[in-house]
Amino acid sequence: MNAIDKIAISNRYERTIETSKRVRWDIEKDVIRARRFDTTHKFLPDGLSLVDGFTTLSSDEKRFVSQIQGRTYANIFGLVERFINAKVLELSHDHWFGDQVALEALVRFSNEELKHQALFRRIDAMIDDVLPGGYRFDIDPNGVARAVLGKSTWAVLGLTLDIELFTQLHYRQSIDPDAELSELFKDVFLYHWREESQHAIIDELEWVRVDAALTMEQRDRAVDELIELVAAVDGIVQAQAKADATYFAAACGRAVGEAEAPMIEAAFLKAYRWQYIHSGVQHPQFGKVLSSLITEKQGQRIQAALATLQ
Ligand SMILES: [Fe+2]
Ligand SMILES: [Fe+2]
């Protein structure tokens, strides 16, 4: 890399630091503001919860579904941010005795991700206060993080960029006019997205940097690992769709029939695949960065794997 490219990259890290300082927020003072969740509101917007797909449910039941999904949203983010933060700390090692601007950008990234995990734990506890008992989220964030970090950095950064780009789309869905949507949950999307925007830029810079050191064979293996990671995310959302459908049936106040139960579970799964896989993969910036790193054949391999998750 020539000196001009190095300066241009350092400037991009620097801009993330400036923005990170400008938008920085506090969980209680800015996001929660002494509010509570109100169960007359939806927690996730329709464009994420895909409630129209829950065709057998009443409008009150659909609102309950959006609240269950809101709680799962907090838990899933708490989970993915565990491995994202560990990877960011690991990557910071490459900059210890190098570009100190890049190092600061990664340190801020890590600090924000720790705060986000605390925010999502808080949101989970606040939802627990207002929804019926019996909700389960049994996936261990540390176990998932250990498994994810066993894959190559290239693959983990690919998955991470997907995740950090979809928080943008989730925010955009949350600002669609809908008077029934919880103002508090809308603020969760807003504040989270404000810091995630910098993370997505850093992911891209780090992904390209790590990619440049790989041989063609290593990258080809990493493409397979990215596919394995997406399949692992799918395994998580399948398990949670099952858990959430079971919780819905137990807490909705009526009997859910044998024919209806699998339809509800399938609708949860469709929503979760949209929220946690496809909404990021379809982001134009994700396609742009990924296609700049891989061959057409590798791209087809990824697309074929994604097509099985519909
Ligand atoms: Fe985050
Ligand atoms: Fe992030």
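Located above this text is the structure these notes cover.
These remarks concern the structure in this document. None of these values were measured; they are calculated from a predicted model.

Cut-offs used in this document
Residues numbered from 1 in each chain as written. Chains lettered and ligands numbered in written order. Predicted model: local features only at pLDDT ≥ 70, side-chain atom pairs only at ≥ 80, totals over all residues. Heavy atoms only, no water. Helix = DSSP H or I, 4+ residues; strand = E, 2+ residues; numbered from the N terminus. Buried < 20%, exposed > 50% of the residue type's maximum accessible area, 1.4 Å probe, protein only. Contact = heavy atoms within 4.5 Å. Donors = N, O, S within 2.8 Å, 3.2 Å for Na, K, Ca; no water. Salt bridge = Lys/Arg side-chain N within 4 Å of Asp/Glu carboxyl O. Axes fitted to C-alpha atoms, helices over the stretch in contact; angles between N-to-C directions. Parallel < 35°, antiparallel > 145°, perpendicular 65-115°, else oblique. Left-handed = near helix turned anticlockwise from the far one by under 90°. Nonpolar A, V, L, I, M, F, W, Y, C, P; charged D, E, K, R; others polar.

A look at the environment of Thr167
Thought 1: Structurally, Thr167 can be placed in helix H7 (residues 153-174).
Thought 2: Residue Thr167 is classed as buried on the basis of its relative accessible area of 2%.
Thought 3: C-alpha of Thr167 to C-alpha of Phe189: the two residues are 22 residues apart in sequence and 7.5 Å apart in space.
Thought 4: Setting aside anything within four residues of it in sequence, one finds Thr167 in contact with Phe77, His192, Trp193 and Glu196.

Re the coordination of the iron ion (ligand 2)
Thought 1: Looking at the iron ion (ligand 2), one finds its protein donor set to be Glu113 (OE), Glu164 (OE), Glu196 (OE), Glu196 (OE) and His199 (ND1), positioned 1.9 to 2.3 Å from the metal centre.
Thought 2: Expressed as a motif, the donor residue spacing for the iron ion (ligand 2) is E-x50-E-x31-E-x2-H.
Thought 3: If you look at the iron ion (ligand 2) and the iron ion (ligand 1), they sit 3.4 Å from each other and are both ligated by Glu113. Here His199 lies in helix H8 (residues 183-212) and Glu164 lies in helix H7, a separation of 35 residues in the sequence.
Thought 4: Its relative accessible area of 1% is what places Glu164 among the buried residues.

Some details on the coordination of the iron ion (ligand 1)
Thought 1: Of the protein atoms, only Glu81 (OE), Glu113 (OE), His116 (ND1), His192 (NE2) and Glu196 (OE) coordinate the iron ion (ligand 1), at distances of 1.9 to 2.3 Å.
Thought 2: Mapping the donors of the iron ion (ligand 1) onto the primary sequence yields the spacing E-x31-E-x2-H-x75-H-x3-E.
Thought 3: Taking relative accessible area as the criterion, Glu196 reaches 1% and is therefore assigned buried.

Digging into the pattern of salt bridges
Pairing is possible between side chains of opposite charge, provided their charged atoms come close.
Thought 1: Under the criterion given, the structure shown has 26 salt bridges.
Thought 2: When the shortest N-O distance is used, the salt bridge between Arg221 and Glu228 registers 3.5 Å.
Thought 3: Looking at Glu228, the relative accessible area reads 32%, which means it is partly exposed.
Thought 4: We note a salt bridge from Glu260 to Arg254, for which the minimum N-O separation is 2.9 Å.
Thought 5: Take Glu260: its relative accessible area is 12%, and that puts it in the buried class.
Thought 6: On the basis of relative accessible area, Arg254 is assigned to the partly exposed category, the value being 30%.
Thought 7: Linked through salt bridges whose partners overlap, the residues forming this network are Lys151, Arg221, Glu225 and Glu228.

Quick word on the packing of helix H4 (residues 59-92) against H8
Thought 1: Two numbers describe how H4 lies on H8: the axes approach to 12 Å, and their chain directions differ by 30 degrees. Classified by the angle their axes make, H4 and H8 are roughly parallel. Seen along the crossing, H4 lies across H8 with a hand that is left-handed. Contacts between H4 and H8 pair Gly70, Tyr73, Phe77, Glu81 and Leu91 from the former with Phe185, Phe189, His192, Glu196, Glu206, Arg209 and Val210 from the latter.
Thought 2: Looking at the contact of H4 with H8 residue by residue, the class counts come to six nonpolar, two polar and four charged.

Points about unusual backbone geometry
Thought 1: In this structure, Ala34 takes a positive phi of about 60 degrees despite not being glycine.
Thought 2: Mapped onto the elements, Ala34 comes out in the loop between helix H2 (27-32) and helix H3 (46-49).
Thought 3: When its relative accessible area of 80% is taken as the criterion, Ala34 is described as exposed.
Thought 4: Phi is positive for Leu50, which is not a glycine, with a value near 50 degrees.
Thought 5: Along the polypeptide, Leu50 turns up in the loop between H3 and H4.
Thought 6: On the basis of relative accessible area, Leu50 is assigned to the partly exposed category, the value being 26%.

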